[in-house]
Amino acid sequence: MEHILVCMTPRHGAFGALGRAVALARRIPAKVSVLFVTAPPEGQATPPLAEVEARRQLRLLVERARSEGVAIEWFVAEGIFEDEVIRFVKDRKVTLLVAETTDAEGRQSERETQSLRQILHRVSCRVELVSPRKDETATQPKGKAT
């Protein structure tokens, strides 16, 4: 059985990658895990609005996937994104990592490209990159960067 991982941050939801993973899990025997990585809190009592909205949207998509019969669960980790993703892949024996580029043309910022390279060099699973459709990027809510 495949074990698919989709990783997200409050700033970059990766909902297109989640949609791809769920669609794949409907066709083949697969379990989907979603890792939502947040930065350690900096003295804030409440999470930023972008994080609250991303969690709400994630919860709704997970519920929908479960209602369609997909084996899916989500986890929240606090720490450095790359380290948390690599640890999760190794600890949970992930066979496919589905990651999302940041815009419809597939271009990423230099920092995100470096982040992805760091992950790719340290994991032994397959990786699939997904580019969101233009209409998806235009309709997703814009939150403040954290």
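The rules behind the values
- Along every chain, residues carry numbers that run from 1 in the direction the sequence is written.
- Under the rules for a predicted model, residues below a pLDDT of 70 receive no local features and side-chain atom pairs below 80 are neither given nor counted, while totals for whole chains, interfaces and linings still include all residues.
- The basis for the side-chain values is all heavy atoms of the structure; hydrogens and waters are excluded.
- Only buried residues count toward a nonpolar core, which is a set of Ala, Val, Leu, Ile, Met, Phe, Trp, Tyr and Cys residues joined through side-chain atoms within 4.5 Å.
- Think of it in three bands: residues with accessible area under 20% of the maximum for their type are buried, residues over 50% are exposed, and the middle band is partly exposed, with areas taken using a 1.4 Å probe on protein chains only.
- A run of DSSP states H or I qualifies as a helix once it reaches four residues; a run of E qualifies as a strand once it reaches two. Both are numbered from the N-terminal end.
- In this description, contact between two residues means that some pair of their heavy atoms is separated by no more than 4.5 Å.
- Residues adjacent in sequence count toward polar contacts only when both atoms are side-chain atoms; beyond that, a polar contact is any pair of N or O atoms within 3.5 Å, and within protein one must be able to donate a hydrogen and the other to accept it.
- A pair of strands is treated as paired once DSSP finds two or more bridges between them.
- Every axis corresponds to a line fitted to the C-alpha atoms, with the helix fit spanning only the stretch in contact, and the corresponding angles, defined between N-to-C directions, vary from 0 to 180 degrees.

S.K.: Could you give me a rundown of the nonpolar core, with the residues and numbers involved?
M.R.: Residues Ile 4, Met 8, Leu 18, Val 32, Leu 58, Ile 72 and Val 98 are the most contacted members of the largest nonpolar core, which totals 24 residues. Only strand 1 (2–8), helix 1 (15–27), strand 2 (30–38), helix 2 (49–67) and strand 4 (96–100) provide two or more residues apiece to this core. Counting residues per element, this core draws most heavily on helix 1, which supplies seven residues. In this view, Val 32 contacts Ile 4, Leu 18, Ala 21, Ala 25, Val 70, Ala 71, Ile 72 and Glu 73; residues no more than four positions away in its chain are not counted. Leu 35, Ala 77, Ile 86 and Leu 97 belong to the second largest nonpolar core, which has 16 residues in total.

S.K.: Kindly report on the side chain of Glu 100, identifying the contributing residues and their values.
M.R.: Looking at the element boundaries, Glu 100 is found in strand 4. For Glu 100, a relative accessible area of 9% translates into the label buried. A distance of 2.7 Å separates the side chain of Glu 100 from the backbone nitrogen of Gly 16, its partner in a polar contact. Here Ala 17 takes part through its backbone nitrogen, which lies 2.7 Å from a polar atom of the side chain of Glu 100.

S.K.: With reference to specific residues and values, describe the sheet that holds strand 5 (residues 126–130).
M.R.: Picture the strands of a sheet paired through backbone hydrogen bonds; they go either parallel or antiparallel. In space, the five strands of this open sheet follow the order 3-2-1-4-5, with parallel pairing throughout. For this open sheet the edge positions go to strand 3 (71–78) and strand 5, each flanked by a neighbour on one side alone. Each adjacent strand pair in this sheet contributes to an overall mean axis angle of 25°, direction not counted. Sheet analysis places strand 1 next to strand 4, joined by three bridges and oriented parallel. Bridge pairing in strand 4 links Val 6 to Val 98. Strands strand 1, strand 2 and strand 3 of the sheet are contacted by helix 2, whose axis makes an angle of about 160° with strand 3.

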